[in-house]
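What the coordinates show
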There are 12 protein chains.
Amino acid sequence: MKFLVLHGPNLNLLGKREPAIYGSQTLADINASLEMLSSELGCVLSFFQSNSEGELIDAIQAAAVDCHGILINPAAYTHTSIAIRDALSAVGLPSVEVHLSNIHSRETFRHTSMLAPVAIGQICGFGRDSYLLGLRALFNHVKNK
Amino acid sequence: MKFLVLHGPNLNLLGKREPAIYGSQTLADINASLEMLSSELGCVLSFFQSNSEGELIDAIQAAAVDCHGILINPAAYTHTSIAIRDALSAVGLPSVEVHLSNIHSRETFRHTSMLAPVAIGQICGFGRDSYLLGLRALFNHVKNK
Amino acid sequence: MKFLVLHGPNLNLLGKREPAIYGSQTLADINASLEMLSSELGCVLSFFQSNSEGELIDAIQAAAVDCHGILINPAAYTHTSIAIRDALSAVGLPSVEVHLSNIHSRETFRHTSMLAPVAIGQICGFGRDSYLLGLRALFNHVKNK
Amino acid sequence: MKFLVLHGPNLNLLGKREPAIYGSQTLADINASLEMLSSELGCVLSFFQSNSEGELIDAIQAAAVDCHGILINPAAYTHTSIAIRDALSAVGLPSVEVHLSNIHSRETFRHTSMLAPVAIGQICGFGRDSYLLGLRALFNHVKNK
Amino acid sequence: MKFLVLHGPNLNLLGKREPAIYGSQTLADINASLEMLSSELGCVLSFFQSNSEGELIDAIQAAAVDCHGILINPAAYTHTSIAIRDALSAVGLPSVEVHLSNIHSRETFRHTSMLAPVAIGQICGFGRDSYLLGLRALFNHVKNK
Amino acid sequence: MKFLVLHGPNLNLLGKREPAIYGSQTLADINASLEMLSSELGCVLSFFQSNSEGELIDAIQAAAVDCHGILINPAAYTHTSIAIRDALSAVGLPSVEVHLSNIHSRETFRHTSMLAPVAIGQICGFGRDSYLLGLRALFNHVKNK
Amino acid sequence: MKFLVLHGPNLNLLGKREPAIYGSQTLADINASLEMLSSELGCVLSFFQSNSEGELIDAIQAAAVDCHGILINPAAYTHTSIAIRDALSAVGLPSVEVHLSNIHSRETFRHTSMLAPVAIGQICGFGRDSYLLGLRALFNHVKNK
Amino acid sequence: MKFLVLHGPNLNLLGKREPAIYGSQTLADINASLEMLSSELGCVLSFFQSNSEGELIDAIQAAAVDCHGILINPAAYTHTSIAIRDALSAVGLPSVEVHLSNIHSRETFRHTSMLAPVAIGQICGFGRDSYLLGLRALFNHVKNK
Amino acid sequence: MKFLVLHGPNLNLLGKREPAIYGSQTLADINASLEMLSSELGCVLSFFQSNSEGELIDAIQAAAVDCHGILINPAAYTHTSIAIRDALSAVGLPSVEVHLSNIHSRETFRHTSMLAPVAIGQICGFGRDSYLLGLRALFNHVKNK
Amino acid sequence: MKFLVLHGPNLNLLGKREPAIYGSQTLADINASLEMLSSELGCVLSFFQSNSEGELIDAIQAAAVDCHGILINPAAYTHTSIAIRDALSAVGLPSVEVHLSNIHSRETFRHTSMLAPVAIGQICGFGRDSYLLGLRALFNHVKNK
Amino acid sequence: MKFLVLHGPNLNLLGKREPAIYGSQTLADINASLEMLSSELGCVLSFFQSNSEGELIDAIQAAAVDCHGILINPAAYTHTSIAIRDALSAVGLPSVEVHLSNIHSRETFRHTSMLAPVAIGQICGFGRDSYLLGLRALFNHVKNK
Amino acid sequence: MKFLVLHGPNLNLLGKREPAIYGSQTLADINASLEMLSSELGCVLSFFQSNSEGELIDAIQAAAVDCHGILINPAAYTHTSIAIRDALSAVGLPSVEVHLSNIHSRETFRHTSMLAPVAIGQICGFGRDSYLLGLRALFNHVKNK
């Protein structure tokens, strides 16, 4: 079982970026934690980060070839990208949307997700744990189908 | 470490109620799964379900005495109850909001949560797993404080 | 054939309450008229009034055991209660929503019903007759299923 | 006692038109049922159907001469016609608004009625029964004035 | 110089219709007053009333042949008819919109006019005088062009 | 019979100001035309212009002493001044609101009048004629009371 | 194969009406072009224009008898007519909605179509070509069913 | 003269709850202060607090028997409860709405009160003093009737 | 201790102005009552009324020199004046906003206050008592600081 | 005569992607059909697809060098991209917007096009035919300029 | 070359007023800096501050006599004053709107400017520098005309 | 001191693109002017233009290494890009937002900036001068920190 872990814009800055909101862990730290959990669960992960909406779509399309699901933190594109939503619908892979921060306690424009309606579910507010819980949720979903 | 698991209105009907949306497990099944996970994590749970907004508030207030956190599925009150939100703020316990279904792919009035802004985070869409992931999230949050 | 007649908040004050809007009949008068009509139609009624949203939900859930439909005047909860709506959906009994006054000629916030979309239909504006017509509608619906 | 039964646009297609929404009875069937009930109640009915807003207004104005009330299914004009509303206000006859389908469980633009605020009341969702219940309501209203 | 005086839906009921809002004069009274003023000003009037949006459009189109302007009380169609607006634009005749009542002190949906933006101007609130002032305004406008 | 003619902000610039919208006549020209009409009608006028909302209110209050009505072009304050509206209500004099331009064919924020609901009526779009028609309307209204 | 070509309000003025927006061709010119294309495609056309919403509905209903599709330019009724929408749904014929002008670059109230959701598709902005392309689209759709 | 003092949800936590917003006094402190003032004014008070909307309604209805007015801090129900509003209207007792905090400087959803329109008036922002001023206001109102 | 009592536009008409809404007392009556209460409390008052937004701002700025607080009835400017709000913020004096009438039971545009968020609190609906209660509230607030 | 055919995000998945909505033809099929039609019409086509908004803008800018028009299916960017709109405006080439599906019968956020106001026109709902009709429309437009 | 520098309400308090938002410089400091820059650029300045909307309009009108442009910080009137906007339009002088603070990062009601659409441009967020940059912008604009 | 000058989508077309809105200078002209001013001020500039949101974010992130501030004209992305806003927040460099045209006098969707709340300030409407003033503002801000 293989999953794509997709990180949206500015997540490459994690750890350097506004630690009051996003915590002090880097993206490498998070990926390492995910690797550890994937070993435990018995699945394989590939990782991709991009600041470009188009490249994220390319990656989702490419995942259709050999992945069984997508764990995605769409970051700022969460609230505006119909194109990423359409990509997720088009490839037909189960996806889980995660956010480090609690988007519901931030600016109003961050309360709405264009992607959540086509994902299995959404997890937000738990920092690195959002990713780990998201991987568990995705793994269980695919295993039980 | 002790947590209150709070189930909102109509969740006592789980398993009997619209299985296409909520799955076929009963509330007892979910509670049993949570018990199992709590043993594994090393924490204690108490459970309460009510159809009454007032009783849910009473339960939240009572939890302040001996609980370290609240795992809450506010069901229909998610979208309307300022009173439950105020109760969660008032007792000052960390809380995690969970939903069986993906509220973002249902009617528009279910997309907004009055409670999420005062919770640590929100998990939705994974059926019984929403509760289990929520317990993990709450446990980790309290352990790491 | 048995139906639950459910009266929402403040309807116990009928007759004493703002007669210009709600007429001078008491709730007992209305229940008596309904009893008379039910004899004529050949069905049985049980009655319940509560000011508590939670108790109304409890009553709807209990009706699932031995009733074939629900005649409900949700009063003020009409416009706000997602929880009662979910209860009606969950028990799967046919329901008819009735109002004494014409809600469409009153304040704007009374024009919308959270419950009507899950009921068979809605009747408003005819005072006691709203209930009697509602019982006929419910009886015919169940009989013809 | 005489009433005008007014059918709005496209209701002449009843039975042929989207039976999943409107049922399989024709307008003639409904008129026949109404005739039967009017005999029972002891009143006289006249019928008129038109696809034209102007002709419906003409009919309402003409009813002022010899009718005691109007039973109206304004169909699509329900949601847009201020002119029919003004006609009902102007002639000063009591009117009852009926709908075959439950307008509250359909598209949002069908949830609002421009006419309901000037009618005695509104009945929707019961197919042919909406008309029959509406006639009873209108008859009782006029009788009790 | 010739003008068409156009009366919208339900204005044929004037005098009989809600005198508290529209006064006790009939449409014939108003037309007679307008005739008197037109003699004084030195212009000719033709009159048309209809409850049908389509017939009002037909009349506007016909006016293009031999009229120099249109005095229109669109009544209920004021607030909804894009088609009458397009007719006024299309024939290219100057028009003045008048209302018996002060539309700004009535229901919110009467505050907006779809037609006013394509008219020279709008006069409302003065009963019969709205028409007389409108005729003066139209006459002066055409004379001064 | 005496009337106050009240000109709002920037109307002192008339003739110099954006003639494409407001025409080439000065405020003195308009006042002279009004004087001429008042002689013809047999009434007396006093005039006041101010750019200050407060001074316009002062003038309205002062008019209560010896005037029988107010002809007001509130200009930009039309759309925002609750205080002028309250002044008009408070003094209880009949008032007519006039505008040189057709406010309904300009920017959206000019389509709404805070004052019109407390005036007898509104006239707009006829340049100087708006004032002259407004005086006739006011004169007739007071004469017929 | 036979199609009804339906022209909405004011389209009889084409050529005379605001040529800057609608071009200089008359409705007869457009119908002639359509006739020519229909010969080429091998289908038969009937034409109807009306300024009356009711007559347009009558025509749609009549088309159900012997037509295989409807090519409709609803003009001003595009934006307001639920009744025409219901007629198209009711008769169950495939329809194509066309507009001479680009409705999306005009006033905001012209951007929305009540009819488009029940049509196969919509074509706008190409003058006479909108009709010709619409006929091709309708012909192909029916041929390929 | 007797008044009911009604405290809404979570007010039983006063003193323990978010003192930055609500101050450090307990509900008992506030009731004691009110008792003192009532002695001074010469009236009698009864007190009730509940987290349940239904129980608050029950209390309002019961007050109709022997109270002359209601002093109510509806807390979170202020912004959502049509049912409490209806109860206040129904019993016909004068009521004064009070709030400890300045609801207008908090979250937007706290700016609106469903109850204020049926109360005599509203007082907010003065902590315990809001209650004391409210009692004075209620006492004077009843005394002067 | 000294306070400025500030009366907004049209309040100089009190007693003469719409007594059904504002009561029959004059502004002098209210000021006299306030003087009496201030003697009792042991503080000094200065009074100012103006119809001009600018003069009210001037007065607020001047109060910074020798006052300890401001009691303000902003009347119509309540709902629109950002400038008065900024003045209150700028001088940094505690202020209490009062209204004679219950602004929440009047027109919708009177429900919102631009000033309340920068005041200590708001009191409305008690006629002259609103001022007296407001003075008590302000006095206590300043005394307890 | 040369045209650029521009395909937006996820259109490279055509045929594989949600065939219920978009049909079973691949993008290559559509391009081949367009080639065939372009031969017939006597014009040349170049094709470009990208998932990146920036690359689509680059392509539009490049088209200014040697193309006479643009046939564009902006897919998901239709509803959000001001940047593509600005690119179309900037290069000044005539463009036609096409959509495979009927965007007006899908989710609300797909009803609005940011691009349509700067295109000649829009065609939607006819699957592959939308492109073919769009090419005809563009070709005719350029030929007739 | 001469310019009017216009300061809106409460700007006379600068330096004393909320330094966290507006900085510690007084209006005199700002005017002195502007004087220095005007010498350098070779132009003359006159200054005016008022808390009154009417006086600001008077000053704008007076500037038409001998000024070549207006540098305006409308402060609170930015967001509400149509009258100042009309004055700027009417005198036809180029104007530049400046703000000390970044209005876009403050309360929502400060994000909109009624004046900006009639100014050459807007500068905000740079404290005193906003004025100095504004003067440069205005000087260059007038010089280059 | 070094600054990044960032030009958003379509700005590479400057001079060729809609000169009525954007003027006739090319981007090279603007960059040359900025170079000249930077020499005068004593700072160094680097320039980057892209049509891709992702590349603009990459450039902002790269600037964190060796720049002291960012001068950005986000063009069309101004109104939609949360991702660029997040990038600016994340790198923590001071930024100034500039626009050639006055965005407040163009289409409504151009009035709002997603970026302005995280910038120091915004300058718009002065063509090339917007950039030059922006550089001065940024330079002063960094120098004075």
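Up top you'll find the structure we're talking about.
Take the arrangement of the chains next. The two units chain B and chain E are non-contacting; their minimal C-alpha-C-alpha distance is 26 Å. Left apart from each other, chain F and chain L have a closest C-alpha approach of 12 Å.

Let us now look at the interface of chain K and chain F. Contact with chain K, which involves 15 residues of that partner, is made by 16 residues of chain F. Of all residues in chain K, the largest losses of buried area upon contact with chain F belong to Gln61, Ile82 and Asp86 of chain K, amounting jointly to 41% of the total for that side. There are two salt bridges connecting chain K and chain F. A salt bridge links arginine 110 of chain F to aspartate 86 of chain K; its shortest N-O distance comes to 2.8 Å. Run the count over chain K and chain F and you get six residue pairs in polar contact (both at pLDDT 80 or more). For the side of chain K that touches chain F, the elements supplying multiple residues, two or more each, are α3 (53-66) and α4 (82-91) of chain K. If you tally residues by element for the side of chain K that touches chain F, the top one is α4 of chain K, at eight residues. Grouping the constituent residues of the side of chain K that touches chain F by class yields seven nonpolar, four polar and four charged.

The next thing to look at is the relation of the copies chain B and chain A. The transformation that overlays chain B on chain A combines an axial shift of 0.0 Å with a rotation of 180°, and the residual RMSD is 0.0 Å. Taken together, these values place the two copies in the relation of a two-fold axis. For chain B, the smallest separation between a C-alpha atom and the rotation axis is recorded for isoleucine 123 of chain B, amounting to 2.2 Å. By residue overlap, the copies meet face to face through one surface: 100% of the interface positions of chain B are interface positions in chain A.

Here we take up a negative patch on the surface. Together, Glu55 and Asp58 of chain A, Glu55 and Asp58 of chain J together with Glu55 and Asp58 of chain L line one region of the surface with negative charge. At the level of elements, α3 (53-66) of chain A, α3 (53-66) of chain J together with α3 (53-66) of chain L are the ones that each hand at least two residues to the negative patch. Relative to the elements of secondary structure, glutamate 55 of chain L occurs in helix α3. Take glutamate 55 of chain L: its relative accessible area is 41%, and that puts it in the partly exposed class.

With that settled, the discussion passes to the sheet that holds strand β1 (residues 2-7) of chain D. Reading across from one edge, β2(C)-β1(C)-β3(C)-β4(C)-β5(C)-β5(D)-β4(D)-β3(D)-β1(D)-β2(D) is the order of the 10 strands in this open sheet, with mixed pairing throughout. Whereas interior strands pair on both sides, the edge strands pair on one side only; in this sheet they are β2 (44-49) of chain C together with β2 (44-49) of chain D. Across the sheet, the mean angle separating the axes of adjacent strands is 20° when strand polarity is ignored. With three bridges joining them, strand β5 (residues 121-124) of chain C and strand β5 (residues 121-124) of chain D adopt antiparallel strand pairing.

Quick look at the relation of the copies chain K and chain F now. Once chain K has been moved 0.0 Å along the axis and rotated by 120°, it coincides with chain F to within an RMSD of 0.0 Å. The superposition of one copy onto the other is thereby described by a three-fold rotation axis.

The next thing to look at is the pattern of salt bridges. Considering all chains together, one arrives at 55 salt bridges over all chains under this definition. When the shortest N-O distance is used, the salt bridge between arginine 110 of chain C and glutamate 107 of chain C registers 2.8 Å. Judged by its relative accessible area of 4%, arginine 110 of chain C is buried. Exposure remark for glutamate 107 of chain C: the relative accessible area of 28% places this residue in the partly exposed category. We note a salt bridge from arginine 136 of chain F to glutamate 40 of chain F, for which the minimum N-O separation is 4.0 Å. One end of the pair, arginine 136 of chain F, is in helix α5 (residues 128-144); the other, glutamate 40 of chain F, is in helix α2 (residues 27-41), with 96 residues separating them in the sequence. A relative accessible area of 18% means that arginine 136 of chain F is categorised as buried. Taken together, the shared-partner salt bridges in this structure form one network comprising Arg85 and Asp86 of chain A together with Glu107 and Arg110 of chain J.

Residues and elements named next belong to chain L. Within strand β4 (residues 95-99), five of the five residues are buried, leaving the element largely enclosed by the surrounding structure. The alternating pattern of β4 places Ser95, Glu97 and His99 on one face and Val96 and Val98 on the opposite face, and all of these are buried. Two elements, strand β3 (residues 69-73) and β4, share three bridges in a ladder whose sense is parallel. What sits directly across from leucine 71, in β4, is valine 96. Note that the unit made of β3, helix α4 (residues 82-91) and β4 has a crossover that is right-handed. Examined bridge by bridge, β4 and strand β5 (residues 121-124) share four bridges and lie parallel to one another. Opposite valine 98, over in β5, you have isoleucine 123 as the bridge partner.

Right, let's get into the environment of proline 19 of chain C. Tracing the backbone through its elements, the reader meets proline 19 of chain C in helix α1 (residues 19-22). For the pair proline 19 of chain C and phenylalanine 3 of chain C, spaced 16 residues apart in sequence, the C-alpha to C-alpha distance is 28 Å.

This next bit is on the side chain of arginine 85 of chain H. Take arginine 85 of chain H: it is sitting in helix α4 (residues 82-91). Residue contacts for arginine 85 of chain H: discarding those within four places in its chain leaves Glu107, Phe109 and Arg110 of chain C together with Met114, Leu115, Pro117 and Val118 of chain H.

We now examine the packing of helix α2 (residues 27-41) of chain J against helix α5 (residues 128-144) of chain J. Residues and elements named next belong to chain J. Where α2 contacts α5, the axes come no closer than 10 Å and their chain directions differ by 30°. Relative to α5, α2 is oriented roughly parallel. With respect to the hand of their crossing, α2 and α5 are arranged in right-handed fashion. Facing α2, whose interface residues are Ile30, Ser33, Leu34, Leu37, Ser38, Glu40 and Leu41, α5 presents Arg128, Tyr131, Leu132, Leu135, Arg136 and Phe139. When the residues that make up the contact of α2 with α5 are grouped by side-chain class, the tally is eight nonpolar, two polar and three charged.

Along the chain, glycine 92 of chain F falls in the loop between α4 (82-91) and β4 (95-99). Sequence spacing of glycine 92 of chain F and glutamine 61 of chain F is 31 residues, and the spatial spacing of their C-alpha atoms is 9.8 Å.

What follows concerns the interface of chain B and chain A. At the interface, 19 residues of chain B touch 19 residues of chain A. Between chain B and chain A the total buried area reaches about 1700 Å² when both faces are included, carbon and sulfur atoms providing 58% of it. It is His104, Gln122 and Phe126 of chain B in chain B that bury the most area against chain A; as a group they hold 30% of the surface buried on that side. On the surface where chain B and chain A come into contact, there are zero salt bridges. Within the residue set of the side of chain B that touches chain A, elements represented by two or more residues are β5 (121-124) and α5 (128-144) of chain B. Among the elements that line the side of chain B that touches chain A, the one with the most residues is α5 of chain B, at five residues.

Residues and elements named next belong to chain H. The residue asparagine 73 is located in strand β3 (residues 69-73) in this model. Here the alpha-carbon distance between asparagine 73 and isoleucine 30, two residues 43 residues apart in the chain, equals 12 Å. A polar side-chain atom of asparagine 73 sits 3.1 Å from a polar atom in the side chain of tyrosine 131.

What counts, and at which threshold
- Residues numbered from 1 in each chain as written.
- Chains lettered and ligands numbered in written order.
- Predicted model: local features only at pLDDT ≥ 70, side-chain atom pairs only at ≥ 80, totals over all residues.
- Heavy atoms only, no water.
- Contact = heavy atoms within 4.5 Å.
- Buried area = accessible area lost by both parts, 1.4 Å probe.
- Salt bridge = Lys/Arg side-chain N within 4 Å of Asp/Glu carboxyl O.
- Polar contact = N/O pair within 3.5 Å; in protein donor to acceptor, adjacent residues only side chain to side chain.
- Helix = DSSP H or I, 4+ residues; strand = E, 2+ residues; numbered from the N terminus.
- Nonpolar A, V, L, I, M, F, W, Y, C, P; charged D, E, K, R; others polar.
- Least-squares fit on C-alpha atoms with pLDDT ≥ 70 in both.
- Patch = residues over 30% accessible without salt bridge, like charges linked within 9 Å, V, L, I, M, F, W, Y side chains within 5 Å.
- Areas by Shrake-Rupley, 256 points an atom, 1.4 Å probe, with all protein chains shown as cover.
- Lys, Arg positive; Asp, Glu negative; His and termini not counted.
- Charge placed at Lys NZ, Arg CZ, Asp CG, Glu CD.
- Buried < 20%, exposed > 50% of the residue type's maximum accessible area, 1.4 Å probe, protein only.
- Pairing = 2+ DSSP bridges.
- Axes fitted to C-alpha atoms, helices over the stretch in contact; angles between N-to-C directions.
- Right-handed = clockwise from strand over helix to strand, strands pointing away.
- Parallel < 35°, antiparallel > 145°, perpendicular 65-115°, else oblique.
- Left-handed = near helix turned anticlockwise from the far one by under 90°.

Any functional reading would require information that these geometric values do not contain.
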